[in-house]
Amino acid sequence: MKLRFQKDAIVNGINIVMKAVPSKTTMSILECILIDASTNEIKLTGNDMELGIETRVEGDILEHGKIALDAKLFSEITRRLSSENASVTIESDDKFNTTISCENSVFNIQGRDGEEFAYLPYIEKDKYICLSQFTLKEVIQQTIFSISPNDSNKMMAGELFEVNENQLKVVSLDGHRISIRKVRLKDHYEDTKVIVPGKTLSEVSKILGGDNEKEVLIYFSTNHILFEFDNTIVVSRLIEGEYFRISQMLSSDYETKVSVNKKEFLDCIERATILIRENDKKPLIINIGDNSMELKLNSSFGSMNADLMIHKTGKDIMIGFNPKFLIDALRVIDDEEINIYMMNPKSPCFIKDEEENYIYLILPVNFN
């Protein structure tokens, strides 16, 4: 095999597929990146058997073939080669001895037989949805923060993707909060409900360009989901099982409704968190009166008090929250003014818009 690339093209391709190369595995072949130039295009693949990424890379095929190269070594070598637009040649013989050369640098490394590499599973492309890259990237960023990093409950480590005619609903939760985003699709599609691992969505979000003009196709099968965009496909195993019954946790009842300027509210909470260290569990206490909201936070470093102008309907209320949970939700809401709905100091609060395109449920915390 003999291939020639522009340096930035091969480095970009490696960066994309590296996201699916496992850091620890009992199958050493999976620590490699597959370079497949057996057809008329060059594909790079990384695969950890849960998540697989394949991307097409621009380059010249001087001699067809395929080889698997140690991912970490391959990435380091190409990244440290000369200038961005330098020409990189990769050549291997029938014993998989591989030469990577660029201008005055030549590396000789041992490759492995590409036929040993685990190929991505084949996905039927009959059940799918289509949306813009910008929308998918935004939806992931607006929900991913409330999945649980703790894998003890696998459902909480994923997000629900629910398609209903021309609507996609994405849900995540971690036991303390729920994030819901609804997106209107251009067409009507077959109803679907799948649970996608958070790790997959996080990696997809990093690769997506976020262009509003470019589309991403999402294909669903019984056990897998496939994202196809630009020159890249991402295949992931789904989480099996029944997702939580979210509708039972959502209520439209409230005793207090507050409308507040989002930026002012967020700035205030972020200033308060200056007084909190990493493992501090100090609550932000919010005291809501007629037209003002008082925010208080006490920690071992000091205290902060602030007042905000609000519009309130219903009862006065004093309620405590983990400030981080409020910050996570407020940062991803684009609205200038937000509505907060509360029942009592022990019941969840809801931050949502009138159409319920977004709903953030946050459980309060006890305070003295």
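Scroll up to find the structure this text is about.
Computed from a predicted model, the values in this text were never measured in an experiment.

**Q** Please explain the sheet that holds strand β5 (residues 60–63) as it appears in this structure.
**A** Strands pair in a sheet through their backbones, by hydrogen bonds, and they do so in one of two ways: parallel or antiparallel. Within the open sheet, the five strands sit side by side as β5-β1-β7-β8-β9. Their pairing is antiparallel. Every other strand in the sheet has two partners, leaving β5 and β9 (105–110) as the edge strands with one partner each. On average, adjacent strands in this sheet sit at an angle of 20° to one another, irrespective of strand direction. Where strand β8 (residues 97–102) lies against β9, six bridges are found, and the strand directions are antiparallel. Bridge pairing in β9 places Thr98 opposite Ile109. Along the sheet, helix α1 (residues 7–17) contacts β1 (2–6) and β7 (87–92); its crossing angle with β1, the most-contacted strand, is approximately 100°.

**Q** Before we go on, may I ask you to explain the pattern of salt bridges in this structure?
**A** Proximity of charged atoms lets side chains of opposite charge pair with each other. The full count for this structure, using the stated rule, is 25 salt bridges. The residue Glu54 makes a salt bridge to Lys43 at a minimum N-O spacing of 3.9 Å. Residue Glu54 is found in strand β4 (residues 51–57), and its partner Lys43 is found in strand β3 (residues 42–47); the two are separated by eleven residues along the sequence. For Lys43, a relative accessible area of 24% corresponds to the partly exposed category. For the salt bridge of Arg79 with Glu76, the shortest nitrogen-to-oxygen distance reads 2.9 Å. On the criterion of helical spacing, the pair formed by Arg79 and Glu76 is a turn pair, its members being three residues apart in helix α2 (residues 71–79). Classification of Arg79 as partly exposed rests on a relative accessible area of 42%. Among the charged side chains, a salt-bridge network with shared partners connects Glu41, Lys43, Glu54 and Arg56.

**Q** Quick question: what am I supposed to make of the sheet that holds strand β19 (residues 292–299) here?
**A** Taken together, the four strands give an open sheet; going across it, the order is β20-β19-β18-β22, and neighbouring strands pair in antiparallel fashion. Bordering the open sheet on either side are β20 (302–309) and β22 (317–321), each of which pairs with just one other strand. Neighbour-to-neighbour, the strand axes of the sheet open up by a mean angle of 15°, direction not taken into account. Pairing between β19 and β20: eight bridges, direction antiparallel.

Conventions adopted
- Residues numbered from 1 in each chain as written.
- Predicted model: local features only at pLDDT ≥ 70, side-chain atom pairs only at ≥ 80, totals over all residues.
- Heavy atoms only, no water.
- Pairing = 2+ DSSP bridges.
- Helix = DSSP H or I, 4+ residues; strand = E, 2+ residues; numbered from the N terminus.
- Axes fitted to C-alpha atoms, helices over the stretch in contact; angles between N-to-C directions.
- Contact = heavy atoms within 4.5 Å.
- Salt bridge = Lys/Arg side-chain N within 4 Å of Asp/Glu carboxyl O.
- Buried < 20%, exposed > 50% of the residue type's maximum accessible area, 1.4 Å probe, protein only.

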